[in-house]
Every structure is written in C-alpha cells, then in structure tokens.
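Take a look at the letters that make up each chain.
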Amino acid sequence: MADLAVQFEHVVKRFGGFTAVDGLDLEVPRGTIFGLLGPNGAGKTSSIRMLMNVFAPDEGRILVFGEPIHEALKPRIGYLPEERGLYKKMRVREMLRFFGAIKGRDRAFLDPRIQRWGERMGLAGWLDRRAEELSKGMAQKVQFLATVCHEPDLVILDEPFSGLDPVNRDFLRDVVLELRKAGTTILFSTHVMEQAESLCDRIVLLWRGKPRLAGTVDEVRRREGREAAFVRVDGASGDPFEGLPGVVGVSGTPYEAELALAPDADPNAILAALLARGRVRRFEVRTPSLHEIFKRVAGDASPREPA
Amino acid sequence: MRRLLLVALREYLENVRTKAFLLAVFMTPLLMAASFLVPALLEQKPPEQRTIALLDTTGVLGADVAARIAARRTPDEKAALYAVEEVPLAGADVAAREADQAARRADLDRRVLDGKLFGYLVLRPSALDRGDGQAPSEYRTGNLFDQKVYADLSNDLKDVVNARTVAAGTVDPRVARILTTKPPLAQGDVRAASKAAGIAQTAMPFVFVLLLFLTIVTISQALVTNTIEEKSNRVIEVLLSSVSPFQLMAGKIVGTCAVGLTLMTIWATAGLSGLALKGISVVSGGQLGLCLVFYLLGFLFFASFMVAVGSVCNTLKEAQNLLAPVMGILTMSFMFVFAVMKEPNGTLARVLSMIPLSSPFLMMLRIGSTPPPPAWEVAASIAILALSAALVMRAAAKVFRVGVLMYGKPPTFRELLRWVRARN
C-alpha cells in the first residue's frame, strides 16, 4: 500500500535471552499522527530504534514509505530520541545548520527556517549562544527544532512531552497538529495516555513487547468499551468511591475519579449511593479513557527484568 | 561522502576553535625548545663551590695537585670551582703518613656526611710509579653521581704526575707532549656546511619523530573524548538518524586527522622557514612527502583504535583502562628511538620499522638518518602499515557500530573480539 508511511510486519527483536519486541505489526498511514503507547520497558524505544535502522530486527521487516529502510531515506525522517543531547560547545545556529546539513539541506533552505522557528519558540535571542548556556527547557526546544527544521516527511518523537512544562507541552501539541496539516506523518511514543488520546489518529499499545490494542482511538475505546463513570463528589466524609455497587476499579482522587464499571453495573444504583455520601457535582457515563484501558491491560505494569 | 565530509568538517572546526588547540600550536614547540634549552642553561649556571680535602701520603704531590684543583674555574671564569683543604699528615715516611691518614678518615667521613666536605682525595705512591699491586689513590665522597668531580680530580692528578715526569728531564719534551695530550680531531656532518647546520641535521630525524608522535598520539586522543561526549549526551542517536555508523566514524577520523595535519603544517612551516632564514636546508621534498604518508597512515591506524575504544566506553576512566596496553606499546616504541638513531640500519631498527605500532615513527627516523634505508624497505613498511590500518579500521567500524549505542559496563577484550569476528 503506497499510502503507508511506516509498516512493521511481525517484527521481533531479542537482546540475549530477552525479547524486547515480540511480533509487532503496525501500519502508519501517511499524514496521520500515530501513537506508540505502553509502560516503561514495553519495547517502544527498541521499535523506534529499529525503525531508525540503529539496529536490525531479528525477524520480520520494516518498511518506510514502502521501502526497507536504507541510508537514502534518512533525510526524509526527523528523529527526536528519548534521551536528548546537544553539542555543548557549539553555537545553537551553527548546530542546527549542521544537523540540517547532514540531512541534505543547504544553508539557503535552513537559515530562514531556523530563524522563523527560533522566533516562534522564543529562541531568537539564543541562536548565537553556546548550547551549554541553555536552560533544560530551552535545550529541549532546540532539540525539537533540530528534528523538524529540515522539513522531513516523517517525524519520529520518542517521549517528546517528558520534562516539558504545561505551556511548552501545549505548544508542542499545536506544532504537531500543524505538521500533520502540512502533510507530515508523525509517530510518537509516550506512556502518558491523555496526550495520546488528544493527539493521535491511531495508536498501538505495547505490553511486554507485544501489541495489545491497536486501531484508531475511538475503535480502541469502543472495543475495550466497558463503560466508565466520570464522577465528582464534594463534602463527603471519607472516600466516597469505596464499595460502590458494580464498580470494579477506581482511579483518581477522593473527589474526582473515573470508575470502571462491571458489565452488569447499574448506573442509577451508583448515583443513588453517591448522592447519599455527598454532593454530586458531576456524573457521566461513557466509554472509558485510554488511561483506564491502559491500566486494565497493563494491570501489573511493572517493568520487566531482563532474563 | 558528502555527509561524511560534513561530520569531518564539524569535528575539525570544533577542535581547531578551542583554546587547547591554540595552546598546542604555541606551547608544544616552546616545551620542546625548553626541554633542550633548560638543561643547557642549567649547565651554564655556576655550580656551587665544592670543598675537597686533600691528604698526601707521598709527601711530594700534595701542593701541586692542590694548586691545580684550586685553579679550576667555573664556565664563566668568575669563581673557583673547588676549594681545597690540604690536611697535613704527620710522619717522616710514607708508612707513617699512611697510618696518620687512616686515623683521620673517620673524622673526614663524618664531615662528608654532615655536608661540610664534598669529598676527600688520598694520594698514594702508586700515582708516581704505577707499580703492580700498589694501593690506588682514593677519591671518597657521598655523591658519586656527579662523576665530573672524579674526572676533574683524576685529570689533575695525571697532569701533575706527567709534568713532574717531564720536568725530571729524562723524556724529550716533544715526545712528552705527544704522550700526554690528545691529537686534535674535529667532527662534522657531511650533509652540513656549518656547525649550526650540522646540529640541525643531526636533530632533524628526531624532530620528525617527535612531531609525528605528538600529533598522532595527542590529537587522536581527542577522538576518545569526543566520542564519549557524544555518547554521554546522546547526540549520537541524532547523528545516527542522519548518517550511517561508518560515515560517522570515518568523518570523525578524517576531521581529527585534518586537525593534526594543520598542526604539523604550522610547525613545519615555521621551523623550516626559520632554518631557511639562516641558510640551512635540512629536509628534502621527498622526506616531507614520506612524512605525510606516515602521518596519514599512522594516524588512521591509531585513530581507529581510539574511536573504537571511545565508542564502547562511557567515561574517560574506562577508556584509559582499555587504552593502557596501546599506550604502553607506543611509549615503548618511543624508548627505542635512541637505539635506532645510533644504528639506523641495524637489525632492531629494521624490525621495528616494519611493525605497524612503531613503524610510522621509527621508519621516519631512519629516513632522516644516513644512510637512508633501501627503498624496498620503505615501501614494505608503508604497505604493511597501510594494510594493517585498513584491517584495524574495519574492525573498529564493527566495534563502533555496536558500541556507540551500548550503555553500561564496557565490554571485555574477549567480547570485543567477538564483535570484530561477527559477520555484520
């Protein structure tokens, strides 16, 4: 299929006796935002590194724009690794030029984009400083800029939101949506489900190296679709969400929570119980959030020890 | 290729723009000059005056020997080199004076140990007639390390005895002069017209080696630090998303190689034009060309080691442990420099100039010496070095590919060998 940006066909990767990725299939249509979800150690970074040809899969194959990954494809990809670094002694502008140049772009192409992005990100005054002078947040913006300023067709972001403050998180979200509008394909990994929910067209949830849930966000929610109650209760003495009829799981605070419901649960009975315990400010029954689904799938989400 | 060169250019600029580079440009020749000049300057400085006690059991030599020793001046002629303390010995004959001398020794030894006396000289009749089985005269001190004192005293004693013998009138003075002096003998280098040129000519091969050694060893170490830095701040992943591991490694090697080349060019230009101003020309174009060849191949050889080691380590400390054997062999090859300079076509020189670890330095040393090595040996040395450089680079590429993305404990030597043998 020509309209796929990335395609994993039953990809397996082992490190010694430890299977990091275990039969991963995924398809990322061009011009969409794809989320690679999962807890720490689920195989997200390994999958991305195989995609970047850092190491080869032991089984299966990976296609990028319909071709097995090769050197000539690299300029079309922008990659933001999970652990990020910059050349400390280099000036920011020079470094961005270098990163752009090894992606095959010349100065005439890069300079105006560095300037424009720099201004938008509030980095304009920092472009001629050395990277070691940047704050952590600034450095992260520079890293993101280095990932996109050669205008790749496919952007791969490994945990892009980690370590960002709320303002910059929103900013990054806007930029990602904007890139999609311009036709760029974005694949990113995260273990924060709310971000995936609000951004992704499609997701795959990795669990112990295996894909557990895949599809569009709506599909996944509907398929996993035991309903949930989103509630807020004020003025209760003690935890109002304890021992409610038909509730199999609670996540949240003693004031506001998402209640996972048993298949035969009666919302009216739950509401009645809550009314008796305090002032109900919110009561909504709908399909559960990815966060809740994730928790259910990843029940004992402790990272694996290598064998 | 373009991406390789971009990596090389960045590496080059990053190195050349540092203060450390500027420092290296100026400080290295200064340090080199200092290592030659400082001992020479120290030599010039008048040594402190040393007191020598003189005990004469012969009863005839004492005054003359004392006068001769006391007459020695410092190199600048400003002060006496020795103060002589004549210790009169009681007794009418040699045996009695010998006994008196023996009685005083404990006291003299103590004064030497207390630093009041540098040493003492006991003159015995053997100085005069050199018969078999006679007790020698003695020079005793607490510091035999300064052999110049021994040489001075020995010469003065010989001169006094010679003068006495000539003065006795039994020897023709002309014959005496022939027997007591060295025939005049001047020395010079056939390649050089003047004395200064001769010194330059003699030092030149050594300077070649020193330059090669300094640039190859110090500059290629930058590869270790840079690779570790890229690894530890994870720039390496971004780089590998744009270039292949081989391009990255080769780019880094080419870039640093150019740094060393810049250094050598600056030094060589400055040094050779300095000599040219004095009308001295010590190197031929062919020698410079060969120097370049040995630099490039030698650098490739060592840099491959360095970059491979850097790729598998996370801290400089780990790297130093892994590099220790390489550095040890390097330093050892440097220790052979003087042996090779003395006998540039001996067996040791011929063997060492074929072994890749030492060949860049020692073959260059031989090329600067007279007679130069046969052309086939130079060609063989280059061929062996080129081949091994290619092999080491291939192995390094395999290690680098795996190593750069490996964090945690550095691999053991055996694991490294397994990576090198692996097919992909």
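What counts, and at which threshold
- Residues numbered from 1 in each chain as written.
- Chains lettered and ligands numbered in written order.
- Predicted model: local features only at pLDDT ≥ 70, side-chain atom pairs only at ≥ 80, totals over all residues.
- Heavy atoms only, no water.
- Helix = DSSP H or I, 4+ residues; strand = E, 2+ residues; numbered from the N terminus.
- Contact = heavy atoms within 4.5 Å.
- Areas by Shrake-Rupley, 256 points an atom, 1.4 Å probe, with all protein chains shown as cover.
- Lys, Arg positive; Asp, Glu negative; His and termini not counted.
- Charge placed at Lys NZ, Arg CZ, Asp CG, Glu CD.
- Rg over C-alpha atoms; globule rule 2.2 N^0.38 Å.
- Buried < 20%, exposed > 50% of the residue type's maximum accessible area, 1.4 Å probe, protein only.
- Pairing = 2+ DSSP bridges.
- Axes fitted to C-alpha atoms, helices over the stretch in contact; angles between N-to-C directions.
- Patch = residues over 30% accessible without salt bridge, like charges linked within 9 Å, V, L, I, M, F, W, Y side chains within 5 Å.
- Salt bridge = Lys/Arg side-chain N within 4 Å of Asp/Glu carboxyl O.
- Core = buried A, V, L, I, M, F, W, Y, C linked by side-chain atoms within 4.5 Å.
- Domains from an automatic or database assignment.
- Buried area = accessible area lost by both parts, 1.4 Å probe.
- Polar contact = N/O pair within 3.5 Å; in protein donor to acceptor, adjacent residues only side chain to side chain.
- Nonpolar A, V, L, I, M, F, W, Y, C, P; charged D, E, K, R; others polar.
- Bend = angle between axes of the 7 residues up to and from the residue.
- Phe/Tyr/Trp six-rings, centres within 6.5 Å; stacked < 30°, edge-to-face > 60°.

Focus: the overall build of chain A
Argument step 1. Assigned secondary structure in chain A consists of 9 helices and 14 strands.
Argument step 2. Taken over the C-alpha atoms alone, chain A extends approximately 70 × 45 × 35 Å along its principal axes.
Argument step 3. Considering only intrachain contacts with a sequence separation of at least 6, the fraction spanning at least 24 residues in chain A is 69%.
Argument step 4. Split by element, the accessible area of chain A, about 13600 Å² in all, is 49% carbon and sulfur.
Argument step 5. Each charge class in chain A was averaged separately, 45 positive and 44 negative side chains, and the resulting centres sit 4 Å apart.

A word on the overall build of chain B
Argument step 1. In terms of helices and strands, chain B carries 17 helices and 4 strands.
Argument step 2. In terms of overall size, chain B is more extended than a compact globule, its C-alpha atoms giving a radius of gyration of 31 Å where 424 residues would be expected to give roughly 22 Å.
Argument step 3. Structurally, chain B occupies a C-alpha span of about 100 × 50 × 40 Å along its principal axes.
Argument step 4. A burial count over chain B gives 43% of its 424 residues as buried.
Argument step 5. Sequence separation of 24 or more characterises 74% of the internal contacts of chain B that already satisfy a separation of 6 or more.
Argument step 6. Carbon and sulfur atoms make up 66% of the accessible area of chain B, which totals about 22400 Å².
Argument step 7. Counting 44 positive and 32 negative side-chain charges, chain B places the centres of these two groups 14 Å from one another.

Brief notes about the sheet that holds strand β8 (residues 185–190) of chain A
Residues and elements named next belong to chain A.
Argument step 1. In space, the 6 strands of this open sheet follow the order β6-β7-β8-β3-β9-β10, with mixed pairing throughout. Where the open sheet ends on each side, the last strands, each with one partner, are β6 (77–80) and β10 (210–216). Sheet twist, expressed as the mean angle between neighbouring strand axes with direction ignored, is 15°.
Argument step 2. Strand direction decides the pairing type here: strand β7 (residues 154–158) and β8, joined by 5 bridges, are parallel. Paired with L154 across the two strands is T185, which belongs to β8.
Argument step 3. In this fold helix α9 (residues 290–297) packs onto β3 (33–37), β9 (202–207) and β10, with an angle of close to 25° to the strand it touches most, β9.

Re a nonpolar patch on the surface
All names here are of chain B.
Argument step 1. A cluster of nonpolar side chains, L23, M27, L30 and L31, forms an exposed patch at the surface whose accessible area comes to about 410 Å².
Argument step 2. Structurally, M27 is set in helix α2 (residues 19–44).
Argument step 3. Judged by its relative accessible area of 37%, M27 is partly exposed.

What about the nonpolar core?
Argument step 1. Ranked by internal contacts, the top residues of the largest apolar core, which has 170 residues, are A:V6, A:L26, A:F99, A:I156, A:L187 and A:L290.
Argument step 2. The leading source of residues in this core is helix α8 (residues 195–232) of chain B, at 16 residues.
Argument step 3. A:I156 has contacts with A:I48, A:L51, A:M52, A:I77, A:G78, A:Y79, A:L80 and A:L187, leaving out every residue within four places of it along the chain.
Argument step 4. Residues B:A66, B:L81, B:L153 and B:L157 belong to the second largest nonpolar core, which totals 18 residues.

Overview of the sheet that holds strand β1 (residues 4–15) of chain A
Note on sheets: strands pair through backbone hydrogen bonds, and any given pair is parallel or antiparallel.
Residue and element names in this part refer to chain A.
Argument step 1. One open sheet accounts for 4 strands, arranged β2-β1-β4-β5; its pairing is antiparallel. Where the open sheet ends on each side, the last strands, each with one partner, are β2 (18–29) and β5 (67–68).
Argument step 2. Examined bridge by bridge, strand β4 (residues 59–64) and β5 share 2 bridges and lie antiparallel to one another. Across the sheet, the residue bridging to V64 is E67, located in β5.

Points about the pairing of strand β2 (residues 82–86) of chain B
Argument step 1. Pairing analysis gives 5 bridges linking strand β1 (residues 50–56) of chain B to β2(B), with the strands arranged parallel. Within β2(B), the residue paired with B:L54 across the bridge is B:E86.

Quick look at the domain arrangement of chain B
Argument step 1. In terms of domain boundaries, chain B breaks down into domain 1 (47–180) and domain 2 (191–421).
Argument step 2. For domain 1 of chain B and domain 2 of chain B, the distance between their C-alpha centroids amounts to 55 Å.

Details of the interface of chain A and chain B
Argument step 1. Across the boundary between the two partners, chain A contributes 24 residues, which contact 24 residues of chain B.
Argument step 2. For the pair chain A and chain B, the summed buried surface comes to about 2300 Å²; carbon and sulfur atoms form 55% of the total.
Argument step 3. The tally of links from chain A across to chain B stands at 2 salt bridges.
Argument step 4. In this structure, the salt-bridge partner of B:E237 is A:R49, at a minimum N-O distance of 2.4 Å.
Argument step 5. The tally of links between chain A and chain B comes to 10 residue pairs in polar contact (both at pLDDT 80 or more).
Argument step 6. Considering every element that reaches the side of chain A that touches chain B, the biggest residue donor is helix α2 (residues 92–101) of chain A, with 4 residues.
Argument step 7. Grouping the constituent residues of the side of chain A that touches chain B by class yields 13 nonpolar, 2 polar and 9 charged.

A look at the environment of B:V166
All names here are of chain B.
Argument step 1. Within the secondary structure layout, V166 lies in helix α6 (residues 147–167).
Argument step 2. Its relative accessible area of 28% is what places V166 among the partly exposed residues.
Argument step 3. Measuring from C-alpha to C-alpha, the distance between V166 and L13 comes to 75 Å, with 153 residues separating the pair along the chain.

Some words on helix α12 (residues 316–335) of chain B
All names here are of chain B.
Argument step 1. At L323, α12 is bent by approximately 50°, the largest bend along its length, and proline P325 sits one to four residues beyond.
Argument step 2. All of the buried residues in α12 are A319, L323, V326, M327, L330 and S333.
Argument step 3. Of the surrounding elements, those touching the buried residues of α12 are α8, α11 (285–312), α13 (337–342) and α15 (359–368).

A closer look at the domain arrangement of chain A
Argument step 1. Partitioning chain A into domains gives domain 1 (4–220) and domain 2 (226–286).
Argument step 2. Just the C-alpha atoms count here: the centres of domain 1 of chain A and domain 2 of chain A sit 38 Å apart.

A word on the side chain of A:D234
Argument step 1. Residue placement: A:D234 occurs in strand β11 (residues 228–234).
Argument step 2. One polar contact links A:D234 to A:R281, side chain to side chain, over a distance of 3.3 Å.

Considering the packing of aromatic side chains
Argument step 1. Enumeration over the complete set of coordinates arrives at 11 aromatic pairs over all chains.
Argument step 2. When the ring of A:F98 is compared with that of A:F99, the centres are 5.7 Å apart and the planes differ by 45°; the resulting orientation is tilted. Of the two residues examined, A:F98 and A:F99, each falls in the buried class.
Argument step 3. Summarising the aromatic geometry, the rings of B:Y295 and B:F299 are spaced 5.6 Å apart at their centres and angled 40° between planes, so their arrangement reads as tilted. Taken together, the residues span about one helical turn, with B:Y295 and B:F299 both in helix α11 at a distance of 4 residues.
Argument step 4. You can call B:Y295 buried: its relative accessible area is 0%.
Argument step 5. Here B:F299 falls in the buried class, since its relative accessible area comes to 0%.
Argument step 6. An aromatic cluster is present here, built from B:F213, B:F301, B:F302, B:F305 and B:F361 joined pairwise through their rings.

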